[in-house]
Amino acid sequence: MTVATDRDDRAGAFRRARRRDARRAFALALPLLAFLLVTFIAPIALLLTRGVQNPELGQAMPGLAAALKSWDGTGLPDERIAAALAAELPKAQAEGTLGTLARRLNFDLPEFRSLLLKTARRLPATSDNWMAALAAMDERWSKPEVWHVLRRAAIDPTPDYLLAGLDAKVGPEGGVVSAPAGEAVYVDAFARTFWISAVVTLLCLLLGYPVAWLLANLPPKPAGRLMILVIVPFWTSLLVRTTAWYVLLQPGGVVNSLLLSLGIVSEPLALVFNRTGVLIGMTHILLPFMILAIYSVMKGISPVYMRAALSLGAHPAVAFLRIYLPQTLPGVGAGCFLVFVLAIGYYITPALLGGAGDEMISQLIAIQTNQQLNWGLAGALSAYLVLFTLVFYFIFNRLVGVDRLRFG
Amino acid sequence: MATHNVTTTEKLAARGTRWVATLVVVFLMAPILVIVPLSFNSGSYFSYPLEGFSLRWYEAVFTAPDWRHAFANSLIIGTASTLLATALGTLAALGLARSEFPFRSVVMPLLISPMIIPIVVVAVGLYLVFAPLGLIDNYLGVILAHTALGTPFVVITVTATLLSFDRSLTRAAASLGANPWTVFRRITLPLITPGVATGAIFAFATSFDEVIVILFIGGTDQRTVPRQMWTGIRDRIDPSILAVATLLILFAIALFLTLNRLRAGAERTPS
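Conventions adopted
- Residues numbered from 1 in each chain as written.
- Chains lettered and ligands numbered in written order.
- Predicted model: local features only at pLDDT ≥ 70, side-chain atom pairs only at ≥ 80, totals over all residues.
- Helix = DSSP H or I, 4+ residues; strand = E, 2+ residues; numbered from the N terminus.
- Rg over C-alpha atoms; globule rule 2.2 N^0.38 Å.
- Contact = placed C-beta atoms within 7 Å.
- Buried ≥ 20, exposed ≤ 12 C-beta atoms within 10 Å, placed from the backbone.
- Domains from an automatic or database assignment.
- Expected span 1.5 Å × (residues − 1).
- Bend = angle between axes of the 7 residues up to and from the residue.
- Nonpolar A, V, L, I, M, F, W, Y, C, P; charged D, E, K, R; others polar.
- Arc of directions from axis to C-beta.
- Axes fitted to C-alpha atoms, helices over the stretch in contact; angles between N-to-C directions.
- Parallel < 35°, antiparallel > 145°, perpendicular 65-115°, else oblique.
- Left-handed = near helix turned anticlockwise from the far one by under 90°.

> Looking at this model, I keep getting lost on the overall build of chain B. Mind explaining?
The helix and strand tally for chain B stands at 11 helices and zero strands. Relative to a compact globule of 271 residues, whose C-alpha radius of gyration would be 18 Å, chain B shows 24 Å and is clearly more extended. Viewed in the frame of its principal axes, chain B has a C-alpha envelope of about 80 × 70 × 30 Å. Look at the contacts in chain B between residues 6 or more apart in sequence, and 78% of them connect residues 24 or more apart.

What follows is the structure in structure tokens.
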């Protein structure tokens, strides 16, 4: 009896000690976790919630927003809604909330700002039939799609920005409809971002594999020298390398002058401000990541397996494909995931070396925040970009493990 | 006959690999090697042949208030964010390297994620959080943001150093009566210093190379070298940007050499 209690006591003390040690270890990471919560996690979370927030109509005209929510949305609204609009429009203008609302509605219908401001200017003091009075002032008030836009603006939180990020919206009948081909932008931009990233990843793999092999198989001295040639570009500022390609690839730049003087081409090639420029620049910047990832696996591969295969009569190509290549796959996988994940977030290099048809999704997010001030759409596009990144990051972490990342 | 064929193929493959690798290295180094001489060109074209040797573009950089201000800003922001990132990251790594650390498989990827999440998303989000706090167009705001981006490198390098370090040394010190703080100061810290310094160099390089966050939350006062280069390329590109690029390449080589020294030092240390 006493023996059992003793053992229980000791087990309890041991468990308590372990819990205390765990708490102490965790406490050391706590300052960094708290810091990242404020400077990293909160900013991303706030931006992503912007992707579903829709407060403008509710803030400027709460009565109208409430009335619109109880309307079924077919045809034109009833007098109650028109009267709410007429009652709250002057109030919103006086309070200064009308400008924000007008800008918000303009995202959905480009003429809404002028319509709203014109109506606010000319609104009569009283009317028996507001629907008719509004239509008489501007015939756009008799169009169902104008009221449909208002009704969608009353719904908060809204799925509309997330749908807009996929070139879709909720139609007047309630179902989701795709944007007409001329207005569809974002699905193409995501596809382009993935395509560019995939091509860059493949180019990095094809160019990087032989270099990694040499690094792992040369004698230490020449390998060290080769390593310097890989690491110095890696350490050189991204903007310096992008500037260098910007200068080199110009029609009158070094590459074209060389090609012309060697007689390889008869007129300058278009190498920059197009897809070629983006692919060259991004491959150059991301290639060292691939080389280092593959090299770190290759240097641990023992040469005895290849020797055994060759001495047993395997053709070198067969021995390479069946014996060596499979052993390097963890490095290939790590390099490809790393390059791809970094590539889908690229902004500077495509912005400086790309042309009109080469915008990647990061650039479109920047345009929405800097030029359009459409934080909702920026939030929705960011949500998709972060989601895709996290999926690849999760797979990367499962296959390779983030603690195995090494640089330099 | 078969043996002869095999060796020929092997030789060809080895030679082919060497050729491809040489071309790849040319591709990697070419931009750097080409723009360095261009920065000493006396003419204002971006092409060879050079018109003559001149330091005029370096003079232009060193006398331009914009560039001087940008270099000073890069150093201030880089140093402050590196100190913060190194302190926070090393502390966290000391916890993470202990086997008792709870929820490690969640915490570690979270701490590394500033390296992975697209920087535009972070920059736009920072604008939303920092604007109401008055941290836009402000040194503190940029320093805090750059600290967050630099911490993953410190966490990775210091954790790796700690995992390869012999625990019996700290246990021996503790059993001989040293208190935990003395053990840390006299045993742990000297052994992990190369790892901490490596992480700090990476954090500094991250801040020194960062432009997107500054574009979103920095003002004209906080313009750093990359931010000034971005404006230079977009508005009016002239060869003084190549002089700056050459200075940054020298800086990159200096960082690389420092890092190699640290590594060589770490390998000599008995562990």
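Anyway, onward from the coordinates.
> Teacher, can you tell me more about the overall build of chain A here?
In terms of regular secondary structure, chain A is built from 19 helices and two strands. Relative to the globule expectation of 22 Å for 408 residues, the C-alpha radius of gyration of chain A, 31 Å, shows a markedly less compact shape. Overall size of chain A, expressed as C-alpha extent along the three principal axes, is 100 × 100 × 35 Å. Every one of the 408 residues in chain A was classed for burial, and the buried ones make up 41%.

> Would you take a moment to explain the domain arrangement of chain A for this structure?
Think of interface size as the accessible area that goes away when the parts come together; that is how it is often given. Taken domain by domain, chain A holds domain 1 (1-50), domain 2 (56-158) and domain 3 (188-404). Using only C-alpha atoms to locate each centre, domain 1 of chain A and domain 2 of chain A end up separated by 53 Å.

> What am I meant to see in the environment of Ile367(A) here?
Residue and element names in this part refer to chain A. As for its position among the elements, Ile 367 is in helix H18 (residues 361-372). The partly exposed category is assigned to Ile 367, around which 15 C-beta atoms lie within 10 Å. Put simply, Ile 367 and Ala 378 are 11 residues apart on the chain and 8.5 Å apart in space, counted from C-alpha to C-alpha.

> What is the right way to read helix H6 (residues 139-163) of chain B from this model?
Structurally, the α-helix is built with 3.6 residues per turn, so residues lying three or four positions apart point the same way. Residue and element names in this part refer to chain B. Relative to the 36 Å expected for 25 residues at 1.5 Å per residue, H6 spans 36 Å between its end C-alpha atoms, a close match to the ideal helical length. For H6, the principal kink sits at Gly 150 and spans about 35°; a proline, Pro 152, occurs within the next four residues. The buried fraction of H6 amounts to 22 of the 25 residues, a majority that puts the element mostly inside the structure.

> What exactly am I supposed to notice about the interface of chain B and chain A here?
With 73 residues of chain B at the contact, the number on the chain A side is 72 residues. Per-element accounting of the side of chain B that touches chain A gives the leading share, 17 residues, to helix H1 (residues 2-38) of chain B. In the side of chain B that touches chain A, the residues fall into 60 nonpolar, eight polar and five charged.

> What am I meant to see in helix H3 (residues 62-69) of chain A here?
Residues and elements named next belong to chain A. Where H3 is concerned, the buried positions are Leu 64, Ala 65, Ala 67 and Leu 68. Along H3, the residues classed as buried sweep out an arc of 165° about the axis, all on the same side. In this structure, the buried residues of H3 make contact with helix H2 (56-60), helix H4 (79-95) and helix H8 (144-153).

> Could you clarify how one ought to interpret unusual backbone geometry in this entry?
Generally, phi is negative for residues other than glycine and the peptide bonds are trans, each holding for most cases. Residue and element names in this part refer to chain A. Geometrically, the link from Asp 156 to Pro 157 is a cis peptide bond, its omega value of 0° lying close to zero. Here Pro 157 shows up in the loop between H8 and helix H9 (160-164). A positive phi angle, near 55°, is found at Leu 373, a position not held by glycine. Looking at the element boundaries, Leu 373 is found in the loop between H18 and helix H19 (375-399).

> Can you help me understand the packing of H3(A) against H4(A) in this one?
Relative placement of two packed helices is described by the angle separating their axes and the distance separating the axes. Residues and elements named next belong to chain A. Running from N to C, H3 and H4 point in directions that differ by 165°, and their axes come no closer than 8 Å. Viewed along their axes, H3 and H4 adopt a mutual orientation that is roughly antiparallel. Crossing hand, H3 versus H4: left-handed. Between H3 and H4, the contacting residues are Gly 63, Leu 64, Ala 67 and Leu 68 on the first element and Arg 80, Ile 81, Ala 84, Leu 85, Ala 87 and Glu 88 on the second. For the contact of H3 with H4, the residue count by class is seven nonpolar, one polar and two charged.

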